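Summary of the model geometry
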Amino acid sequence: MTLSLAFRHAFPGLALDIAFDAPTPGTTVLFGPSGAGKSTAAAVVAGLLRPLRGRVAIDGTVLADSDSGRFLPPERRRVGLVFQEARLFPHISVLGNLRYGLRRAPADTPQRIELAQVIDLLGLAALLARRPGTLSGGERQRVAIGRALLSQPRLLVMDEPLASLDAPRKAEILPYLARLKTTLALPILYITHALEEVSRLADTLVLIEAGRSLAAGPLADIVSRGDLPLAARDDAAAILFLRVTAHDPARRLTCLQADGLMLLVPLLASPPGTALRVRVPAREVILATEIPGGISVHNILPGEVRAVTEDAARHAALVEVALGSASALLARVTPDAVARLCLGPGAPVLALVKSMAVEVLV
Amino acid sequence: MAVRLTLVVAAWSVCIGLPPALLAATALARWRFPGRSALDALVHLPLVLPPVVVGWLLLLTFGIHGVIGAELLAWFGVRLAFTRAGASLACAVMTFPLMVRAMRLSLEAVDPGFDQAARTLGAGRFDRFVTITLPLAAPGVLVGAITAFAASLGEFGAVITFAANIPGETQTLPLAIYTALQSPGGEATAARLSLISVGLALGGLLAAEFAARRLRPLLGR
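Residues numbered from 1 in each chain as written. Chains lettered and ligands numbered in written order. Predicted model: local features only at pLDDT ≥ 70, side-chain atom pairs only at ≥ 80, totals over all residues. Heavy atoms only, no water.

**Some points on the domain arrangement of chain A**
Residue and element names in this part refer to chain A.
- We note that the domain assignment places domain 1 (2-223) and domain 2 (237-360) within chain A.
- Inter-centroid distance (C-alpha atoms) of domain 1 to domain 2 is 33 Å.
- For D203, the salt bridge identified is with R277, shortest N-O distance 3.3 Å.
- There are four residue pairs in polar contact (both at pLDDT 80 or more) connecting domain 1 and domain 2.
- Only α6 (195-201) and α7 (219-223) provide two or more residues apiece to the side of domain 1 that touches domain 2. (Domains from an automatic or database assignment. Salt bridge = Lys/Arg side-chain N within 4 Å of Asp/Glu carboxyl O. Polar contact = N/O pair within 3.5 Å; in protein donor to acceptor, adjacent residues only side chain to side chain. Helix = DSSP H or I, 4+ residues; strand = E, 2+ residues; numbered from the N terminus.)

Next comes the structure, spelled out in structure tokens:
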């Protein structure tokens, strides 16, 4: 099943040409700078904007297609939209807001999302009788997400839901979003310009720049590609999908594994079997051609150089290292190190990753 | 007698004027269509025309030989000219611009973002108007209605032209004051009625302000 979007539109000063296909259910993140056309894409999917040309389809249902002239109005699309500024109806209570979409949803939806479930999932029980005007920004956004979920959407679109919140509020909502993702088998289209939200939430990543979609694909693939703008950022990092396999309380370490890859990190609370994602910053990865002795690093991962990209302006080189069959790391080293170790595509290499440098995300 | 009659006429004029005023205000605030400026001008016409002219135009259309008036008489046996209902109609037409202006302003002040949000939640056009736009614009609608009511209490020219000055039937407060002033020794009556008139008008304006202030917190503002 897929979410498929392709459209062209023109605003004064910005021509938009965005197209991608993403597997569903799963979270597709549109990532790019402000003004790149991400929110326009959300409006097109929800039907609030009719593009010059374009097609929107989800799981085989065509919502709009300029070739056939089909255009479902927003009220008949069943696409839940969470706006950046919540837009809760100020004259009705939180419960009334939650019920607004629920009352108007078709009664025969499979996998119906219940009111009690949403209240529990988003921690809304204490807020139900209150008016939106009395809520904090974070609470308001949680209610808006719940309201959209209860309209029984076939797709949930979130347009920068955290952008107007300060850092503590963001940290308050992110775990709810991660829970939502794992609890409900609902396709989500998430729009953001914050890399942290990308790393935590994305399954599929679509890069948007100046009105165009640069690349689309699985998160780990896109972030580790040296030819894309993400790798050129100071905070470039690889994402690995791993599972907790064992805890070693005596050494205060947790062992994470995935297809032939093993990583030791400081002790975690998650029980064995928990799936999680980790972020390994490119700056923190050391490359070696033989196993060094007497060293504090726990993780010495054998791999193969996939590509080397030089960043002349910064006198740096970005080395993509393939680990096992599906994972990859990024290492930012000096061009001199690349030359000394003779690192080129296909060369075997060891990636040294400090346990303390691994960021466990979920 | 004149006081009670005036209140009844004003109340009816608001009832007659409210639905079309709401429609016109919505059209002017929300819809884009050809002839929008023409509608805007038409709505404001009673404000700038001499009231006598409005009364005479009403006679032309709703009088017993008028375009609509003749039909009403033939089909339903309803006569508007020189009746209490006619006085209400005259007041409704005269206060129409006031009502539309207040409603339009408050409709325009409602953030269209709420309407969009309701759309994505599956609400159709009429549904959204009734559940979102209208409640959020309620203070303006109420203020418009109360202001129109207060203005109806003082309507003179259009009423006397279209409904005449029949004591107990169409003689509202201003007409009664005028009649008293025309008769010898009527100054005392005129003064008494004028005082009542001032009180009613002030009361109306205060009620409008009070209603708006009480409604605002209910709307979360």
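Continuing now.
**Observations regarding empty space enclosed by the protein**
- Under the definition given, this model contains three cavities of 30 Å³ or more.
- Its volume calculated, the largest cavity comes out at about 80 Å³.
- Listing elements by their share of the lining of the largest cavity, those giving two or more residues are α6 and β12 (237-248) of chain A.
- Partitioning the lining of the largest cavity into residue classes produces six nonpolar, one polar and two charged.
- When residues of the lining of the largest cavity are assigned to domains, at least three map to each of domain 1 (2-223) and domain 2 (237-360) of chain A.
- Approximately 40 Å³ is the volume attributed to the second largest cavity.
- Lining the second largest cavity we find L81, V82, F83, A86, A144, R147 and A148 of chain A together with A117, T120 and L121 of chain B.
- Broken down by secondary-structure element, the contributors of at least two residues to the lining of the second largest cavity are β7 (79-82) and α4 (137-150) of chain A together with α6 (112-120) of chain B.
- Element by element, the count of residues in the lining of the second largest cavity is highest for α4 of chain A, at three residues.
- For the lining of the second largest cavity, the class distribution of residues is eight nonpolar, one polar and one charged. (1 Å grid on protein atoms, 1.4 Å probe; cavity = no way out; pocket = protein on both sides within 12 Å on 5 of 7 lines; lining within 4 Å. Points joined across faces, edges and corners; volume = space filled by probe spheres on them. Nonpolar A, V, L, I, M, F, W, Y, C, P; charged D, E, K, R; others polar.)

**Quick notes on the sheet that holds strand β20 (residues 348-353) of chain A**
All names here are of chain A.
- Read from one edge of the open sheet, five strands run β16-β20-β17-β18-β19, paired in antiparallel fashion. Among the strands making up the open sheet, the edge pair consists of β16 (285-288) and β19 (327-333). The mean inter-strand angle of the sheet, taken between neighbouring strand axes irrespective of direction, is 45°.
- Bridge count for β16 against β20 is four bridges, and the pairing is antiparallel. Note on β20: the bridge partner recorded for A288 is L350. (Pairing = 2+ DSSP bridges. Axes fitted to C-alpha atoms, helices over the stretch in contact; angles between N-to-C directions.)

**Examining the pattern of salt bridges**
Residue and element names in this part refer to chain A.
- Overall, the coordinates contain 26 salt bridges over all chains when judged by the stated rule.
- With a closest N to O distance of 3.6 Å, K38 and E160 form a salt bridge. Taken together, the positions of K38 in helix α1 (residues 38-46) and E160 in the loop between β8 (155-159) and α5 (167-183) put the pair 122 residues apart, joining distant regions of the chain.
- Given the relative accessible area of 3%, K38 is considered buried. (Buried < 20%, exposed > 50% of the residue type's maximum accessible area, 1.4 Å probe, protein only.)

**Here's the deal with the interface of chain B and chain A**
- Taken residue by residue, the interface counts 20 residues in chain B and 20 residues in chain A.
- Around 1,800 Å² of area is buried between chain B and chain A when both sides are counted, 62% of it from carbon and sulfur atoms.
- A per-residue breakdown of the area chain B buries against chain A is headed by R119, T120 and L121 of chain B, which together make up 37% of the total.
- When residues of the side of chain B that touches chain A are traced back to their parent elements, those giving at least two are α6 and α7 (125-153) of chain B.
- In terms of residue count, the dominant contributor to the side of chain B that touches chain A is α6 of chain B (seven residues).
- Looking at side-chain class alone, the side of chain B that touches chain A contains ten nonpolar, seven polar and three charged residues. (Contact = heavy atoms within 4.5 Å. Buried area = accessible area lost by both parts, 1.4 Å probe.)

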